[in-house]
Amino acid sequence: AQTVTQSQPEMSVQEAETVTLSCTYDTSESDYYLFWYKQPPSRQMILVIRQEAYKQQNATENRFSVNFQKAAKSFSLKISDSQLGDAAMYFCAYRSFRNQFYFGTGTSLTVIP
Amino acid sequence: DTAVSQTPKYLVTQMGNDKSIKCEQNLGHDTMYWYKQDSKKFLKIMFSYNNKELIINETVPNRFSPKSPDKAHLNLHINSLELGDSAVYFCASSQDLAGGREQFFGPGTRLTVL
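Residues numbered from 1 in each chain as written. Chains lettered and ligands numbered in written order. Predicted model: local features only at pLDDT ≥ 70, side-chain atom pairs only at ≥ 80, totals over all residues. Heavy atoms only, no water.

Colleague: Any chance you could explain the interface of chain A and chain B here in plain terms?
Modeller: Think of interface size as the accessible area that goes away when the parts come together; that is how it is often given. Listed per partner, the contact involves 17 residues of chain A and 28 residues of chain B. A per-residue breakdown of the area chain A buries against chain B is headed by Arg43, Asn99 and Phe101 of chain A, which together make up 32% of the total. Where chain A touches chain B, the interface holds one salt bridge. Residue Glu102 of chain B is joined to Arg50 of chain A by a salt bridge in which the shortest nitrogen-to-oxygen separation is 2.5 Å. (Contact = heavy atoms within 4.5 Å. Buried area = accessible area lost by both parts, 1.4 Å probe. Salt bridge = Lys/Arg side-chain N within 4 Å of Asp/Glu carboxyl O.)

Rendered as structure tokens:
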């Protein structure tokens, strides 16, 4: 079975600075999808960014970008110009070709004013 | 319009009771899921349904049973509630077709068993 590992239970960043959240995964599949979800205190799960494994280009959504290293099975999230509203729990997720989802254990991000 | 909705958002009940949580999605998705999120924020997949067929069933006690009256609904029924069932339960849905789309989540139901 696929596993998703987030090795940083907690991270902090100064407002306006950049932070990178790590995620690694284990799989034998060649086609799959990766996601980062954000869960603020409201507990709603919000999609931040997605990456298709067959695409070499790293996905970008405004201040959020990923560093996808397929060979290393690494999928890190970079948040630039951090804002107070970025404070949340961040989950890395893997979607298999057979539509099964696997989530990491999450990274709690604190933004310091 | 709410894409994935759950009712109720909060549920407080006594040990031993039976309760249900309802979930509806208006996205036309093929697959629906139930997750349990514990106090440490770990997300654990419980069930998924694809066209009324159970395709994932992790090591969940048989006190938990998903019920899908149609493609847009996947309700979670829990018998003989225990203290350890206290958690936030999320419903989610996704599209099976090629495209690798993400899951859409409901707002969650916080279940407290006293």
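Colleague: When you look at the state of the cysteines in this model, what are you seeing that I'm missing?
Modeller: As used here, a disulfide is simply a covalent bond connecting the sulfur atoms of two cysteines. Residue and element names in this part refer to chain A. Tallying each qualifying case throughout the model produces two disulfides over all chains. Linked covalently through their sulfurs, Cys23 and Cys92 form a disulfide whose S-S length is 2.0 Å. In this structure, the disulfide formed by Cys23 and Cys92 twists by about -70 degrees around the S-S bond and is classed as left-handed. Separated by 69 residues along the polypeptide, Cys23 in the loop between strand E3 (19-21) and strand E4 (24-26) and Cys92 in strand E10 (residues 88-96) bring together distant segments of the chain. This pair shows no difference in class: Cys23 is buried, exactly as Cys92 is. (Disulfide = S-S within 2.5 Å. Helix = DSSP H or I, 4+ residues; strand = E, 2+ residues; numbered from the N terminus. Buried < 20%, exposed > 50% of the residue type's maximum accessible area, 1.4 Å probe, protein only.)

Colleague: It is not clear to me how the packing of aromatic side chains should be interpreted in this structure. Could you clarify?
Modeller: This model, assessed by the stated rule, comprises 17 aromatic pairs over all chains. Geometrically, the ring pair formed by Tyr37 of chain A and Phe105 of chain B is edge-to-face, given 5.4 Å between the ring centres and 80 degrees between the ring planes. Here the residue Tyr37 of chain A occupies a position in strand E5 (residues 32-39), and Phe105 of chain B occupies one in strand E10 (residues 104-105), the pair thus bridging two chains. In this pair, the class of Tyr37 of chain A matches that of Phe105 of chain B, namely buried. Aromatic pair Phe101 of chain A and Tyr33 of chain B: ring centres 5.6 Å apart, planes at 85 degrees, arrangement edge-to-face. With one member in each of two chains, Phe101 of chain A in strand E11 (residues 101-103) and Tyr33 of chain B in strand E4 (residues 31-37) form a pair that bridges those chains. Residue classification places Phe101 of chain A among the buried residues on the basis of a relative accessible area of 5%. The aromatic ring of Tyr10 of chain B is capped on one face by Arg43 of chain A, whose charged end is 5.0 Å from the ring centroid. (Phe/Tyr/Trp six-rings, centres within 6.5 Å; stacked < 30°, edge-to-face > 60°. Lys NZ or Arg CZ within 6 Å of the ring centre and 35° of its normal.)

Colleague: What am I meant to see in the pairing of strand E8 (residues 64-69) of chain A here?
Modeller: Residue and element names in this part refer to chain A. As paired strands, strand E7 (residues 60-61) and E8 are joined by two bridges and run antiparallel to one another. If you follow Thr60 over to E8, its bridge partner there is Ser65. The turn joining E7 and E8, which pair antiparallel and follow one another in sequence, is formed by two residues; a positive phi near 55 degrees is taken by Asn62. Relative to strand E9 (residues 74-79), E8 runs antiparallel, the two sharing six bridges. The residue of E9 that forms the bridge with Asn67 is Ser76. (Pairing = 2+ DSSP bridges.)

All we've got here are geometric facts, nothing functional implied.
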